[in-house]
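# Tertiary structure, described
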Amino acid sequence: MSESTLKQSVSNFTLYPLLWLAVCFAFGVLSEHFLAVNWQLYSAVCLIFSVLTIVFLRGKFALTFLSIAFVAVGGLCLSIENQSVAPNRLKRLFDENQIKSGEPIEIEGVLRGKPELAVGKFFLELKVASAIHKGSEIKVSGNVRLFAAINDEQIKQEYEQLNLQYGSKIRVACILRREDNFLNAGVVSYKELLDQKQIDAVGIIKSPLLVEKVEDTNSFAPLAWLYDRRENLIVDFKEHFSVSTTGILNASLLGNHYFLDKQTAEVFREGGTFHVLVISGLHITFIGGLVLLFVRFFTRKRLWQFLIAAGILWSYSIAVGADVPVVRAALMFTILLFSQVLYRSGTLLNALGACGLILLVWRPNDLFSQSFQLTFISVAAIVAMAFPLIEKLRAIGTWSPTAETPFPPNVPRLLKRFCEMLYWRERVWEKEISGQIWSAKLFKLPFLNWLEEKSLQNFSRYIFEAVLVSLVAQIWLLPLIVLYFHRVSLFGVLMNLWVGIFIALESFSAIFAVFLANISDVLALPFIKLTELLNWFLLLVPSFFVENGWASLRLPHYSGAMKAVYLLYFVPLLALTFFLNWWKPFSLSPKSKVQSPKFFFLRVAAVLFTALLTLIIFHPFSAPAPDGRLHIDFLDVGQGDSALITFPNGETLLVDGGGKINFNKIYLQNEYEDEPELFEPDTQNIGETVVSTFLWEKGYDRVDYILATHADADHILGLSDVAKNFKVRAAMFGRTPLRNAEFAELFEILQKRDIPIVKLSRGDVLRFDEAKIKVLFPEKDDSIDAVSDNNHSVVLRLIYGERTFLLTGDIEKETERELLQTPEFLQSDVVKAAHHGSRTSSMQEFIEATHAKLVVIAVGRESPFGHPHEEVLERWKNSGAKIVTTGERGTVSISTDGKDLQLKTFLR
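Residues numbered from 1 in each chain as written. Predicted model: local features only at pLDDT ≥ 70, side-chain atom pairs only at ≥ 80, totals over all residues. Heavy atoms only, no water.

### Things to note about the overall build of the protein
As a reminder of what qualifies: In this text, helices come from DSSP runs of H or I with a minimum length of four residues, and strands from runs of E with a minimum of two, each type numbered from the N-terminal end. With C-alpha atoms as the basis for the radius of gyration, the globule rule is written as 2.2 Å multiplied by the number of residues raised to the power 0.38. Exposure classes here rest on a 1.4 Å probe applied to the protein chains alone. A residue is buried below 20% of its type maximum, exposed above 50%, and partly exposed in between. Contacts are assigned to residue pairs with any non-hydrogen atoms lying within 4.5 Å of each other. Areas reported here follow the Shrake-Rupley algorithm with a probe of radius 1.4 Å; residue values treat only the protein chains shown as occluding. By the counting scheme adopted, Arg and Lys are positive, Glu and Asp are negative, and His together with the chain ends is not counted. Charge coordinates come from a single atom per side chain, which is NZ of Lys, CZ of Arg, CG of Asp or CD of Glu.
Within the protein one finds 31 helices and 27 strands. Relative to the globule expectation of 29 Å for 908 residues, the C-alpha radius of gyration of the protein, 31 Å, shows essentially globular dimensions. Taking the principal axes of its C-alpha atoms as reference, the protein extends roughly 110 × 70 × 65 Å. Evaluated residue by residue, the protein yields a buried proportion of 49% over its 908 residues. Within the protein, contacts between residues at least 6 apart in sequence are counted, and of these 71% link residues at least 24 apart. With the model as given, the accessible surface of the protein reaches about 44000 Å², and the carbon-plus-sulfur share is 61%. If you average the places of the 89 positive and of the 94 negative side-chain charges in the protein, the two averages end up 10 Å apart.

### A short note on the nonpolar core
For the record, the criterion: For this analysis, a nonpolar core means a set of buried residues of the types Ala, Val, Leu, Ile, Met, Phe, Trp, Tyr and Cys, connected via side-chain atoms within 4.5 Å.
Counting 35 residues, the largest nonpolar core has Val472, Trp476, Val482, Tyr569 and Ile616 as its most contacted members. Among the secondary structure elements, those contributing two or more residues to this core are helix H15 (370-397), helix H16 (413-423), helix H19 (456-485), helix H22 (564-568), helix H23 (570-582) and helix H24 (597-618). With nine residues, H15 is the single largest residue contributor to this core. Ignoring sequence-local partners within four residues, the contact set of Tyr569 consists of Ile475, Leu478, Pro479, Phe609, Leu612, Leu613 and Ile616. Formed by 30 residues, the second largest nonpolar core is a distinct cluster that contains Ala730, Phe768, Ile773 and Phe805.

### Here's the deal with the environment of Gln821
Along the polypeptide, Gln821 turns up in the loop between helix H28 (813-819) and strand E23 (830-832). A relative accessible area of 64% means that Gln821 is categorised as exposed. In the structure, Gln821 is positioned 761 residues away from Lys60 in sequence and 87 Å away in space, judged by C-alpha atoms.

### A closer look at the sheet that holds strand E11 (residues 630-634)
Applied cut-off: At least two bridges found by DSSP between two strands is the condition for calling them paired. Lines fitted to C-alpha atoms define the axes here, with helix axes fitted over just the stretch in contact, and angles between the N-to-C directions of these axes take values from 0 to 180 degrees.
The strand order across the open sheet built from eight strands is E18-E17-E16-E13-E12-E11-E26-E27, with neighbouring strands paired in mixed fashion. Both edges of this open sheet fall to strand E18 (757-759) and strand E27 (902-905), since each of them pairs with a single strand only. Mean inter-strand twist for the sheet, computed between neighbouring axes without regard to direction, equals 20°. Direction of pairing for E11 relative to strand E26 (residues 892-896): antiparallel, over a ladder of five bridges.

### Some words on the packing of helix H25 (residues 686-697) against helix H26 (residues 713-725)
Here is the rule we go by: The cut-offs work like this: below 35 degrees is roughly parallel, past 145 is roughly antiparallel, 65 to 115 is roughly perpendicular, and the gaps in between are oblique. A crossing counts as left-handed when the near helix is turned anticlockwise from the far one by less than a right angle, and as right-handed when that turn is clockwise. Residue classes follow a fixed rule: Ala, Val, Leu, Ile, Met, Phe, Trp, Tyr, Cys and Pro count as nonpolar, while Asp, Glu, Lys and Arg count as charged, and any other residue, Gly among them, counts as polar.
Running from N to C, H25 and H26 cross one another at 50°; their axes reach a closest spacing of 9 Å. Compared by their axis directions, H25 and H26 come out oblique. Handedness of the H25/H26 crossing: right-handed. For the pair H25 and H26, contact is made by Gly687, Glu688, Val691, Ser692, Leu695 and Trp696 and by Gly718, Asp721, Val722 and Asn725, respectively. Split by residue class, the contact of H25 with H26 holds four nonpolar, four polar and two charged.

### Here's the deal with the packing of aromatic side chains
The relative placement of two aromatic rings is captured by the distance of their centres and the angle of their planes. The test is simple: Note on aromatic contacts: the rings of Phe and Tyr and the six-membered ring of Trp form a pair at centre separations within 6.5 Å, being stacked when their planes are under 30 degrees apart, edge-to-face when over 60 apart, and tilted otherwise.
Tallied over the entire structure, the rule returns 33 aromatic pairs. Ring geometry for Tyr166 and Tyr227: centres 5.1 Å apart, planes at 80°, overall edge-to-face. On the criterion of sequence distance, the pair formed by Tyr166 in the loop between helix H6 (153-162) and strand E6 (168-177) and Tyr227 in helix H8 (residues 221-240) is long-range, its members being 61 residues apart. Grouping residues by exposure puts Tyr166 and Tyr227 together as buried. Judged by centre distance (4.7 Å) and plane angle (85°), the ring pair of Phe512 and Phe527 falls under edge-to-face.

Put into structure tokens, the structure is as follows:
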């Protein structure tokens, strides 16, 4: 290492020591995650290199030794966290099968907060201390989230009589669950989601008679007061505002998403602004900033500003539930705010490093959570890139001769004029020059004074800086947004600005309306109407883009080795950030400096960034290349069917898309409206969260054909999401029953997206290169009243080379008997058992006619109808067929080259 390089390294480390230590710590966490090194080795490395750092404190290798020591500390912390789960912790008991999901259990513990209100139900979060399982009392630990439905007024009164409060000790008989619901590639593990929320298991309370209040323990009074105020606000919002407004206010202000209706949530989700409804870094920063602005009216002392703002912010964070993302955001804001009290150069980046270090020491596994990554990278982008860029643009726009900058900025003329338009203040310049013994004439655009006089300059400046900050954050977050949400918002920058402004105005108006409602309904009414008007404007622009299909693009992501693209994306971005910070607009260097090595590397970084950005957005290599084999993937969609067929030439056919009926639609009434409103809770469909996610994981942005075997919800609903999320060449149906609600929903989407409809009936043959599909059922019927039930399912016989596959939909015995009239068409190597293995299907004669070697049963792990029925399993087993169920093994993948037959399952 040369002496100049050493000095530069020492300088960077001295300016941002905590940032570099946080990076080293993170590398240690990554090493333990992927290598799983023994914790004793990390301890030894940490001790050795810590001693070497102290011994050679002034040596040139001191920084290297310290860095290695912190890498070891990171690995050690993760190792300790992974091994520190108590033996009696509920999640460990479930994961080790000492307690099985779905088994009855009686638990006793203390409520961690007040019951969380929802529409027609409420939730309890319980810190468990003991349990009775299979007649034995055991000491346990952990947190449980319980759901209780309120089906009628009597049940509501019975729960109210229990008077459950923060700190109440209760005993509950319930059924707890901790299991992954859908075992498919790309689907987020439900267990991991629970762990990130510090929840060990979830359960259902079937009756208030199963809840016994033991006592009210001593709780922290200020905290109880905060919980009460939050609950009162939730109720007030529900009583005074419409369904849409109530949902938005409760979600964005109070962290309660259970009043958010599906239609409103979809507008935010598709518009790329759903994060506004989640209390996270954005809310904490906004609320903290408002509090800080208010406090500054009373004191100029930064320490008092910090103490008061931080105190109010933490009170708010605790009141809304103190979930890990909220605590993380509050902690980051507190540290960044405290850094400003110190008046130190480089303080923001150093404070960012302190945030990362503290958060990772607290919870090392958070490095792999979506919430941590999104929060930390967005803040890092703003601190490292957006703020420095804004500062440089301000310096260009406000330039006047000084001892430090006697000459004007050495930048393109257009950039200089743009910055002056935003930042030049003629009045400030005139005041400054009047106090000097010298004079100067600066030539500025003539309309700048007019902009300043009309107050347009301040408005333009705020809008520009908000757009710039949002744009920088979205550029940095792009790989994560594609990986986690498969969505790129086309107008996200503008919609974020629009939504941010109106949701702030709406919140102020709503709080003022609720305050006045406690005095007089007459006084409150104008502000209630104003709040509703602001909510209408809030949804106006996002709804316009969503309805016209302009809001966002849905993108797949790369898998395997190609996932490195998302990591490599940050390399040129970091280089561009470095060059931005290195850029000196007032440098007097000659123009020839453009030919210097630094500018050469800048161009290389820009080209690489553009190339990687193109690779991510247009994803030319994401979809698997044709391999000459026929592939069928039977997805685990719970109680439903969905199978992806990939033909040897690469064409794809999705047969059914899973789904389920939503029984949760209810009507709500508020005291200022005459008619009740329909409320449909925001629950994402299986077509979005399971089927589409699986297709994106495989790299597809298009599905050539979709086919619904019949119009039952557990087969057709998911296809609606697929039709919205992917390019589809055609949709196939045996019947088109327009009077059926589920079919009508899909039909409307197909019409809107100009997707042609192909009707299939007995005798039709579909050819895909060397593979072909014969349609065995149903008979042709083009009427709008055509029946599309189980017994009129589309039955397909797929042939490739010497191998055949039979897909039977949900046909029952009546249709099986009809198909037995031509038994030669039933003989198959693989059969998808009809109707999820129900006793209404799979007659002995039908089973014998198939001569199947392998039977796939598409069914949930715990079917509400008891599928597959035992007698059906016995019949298939006695026939000599191997049985595989999606609920037990996850995705069942079968492939053939026309001769062989290969089977793989998600759980091996």
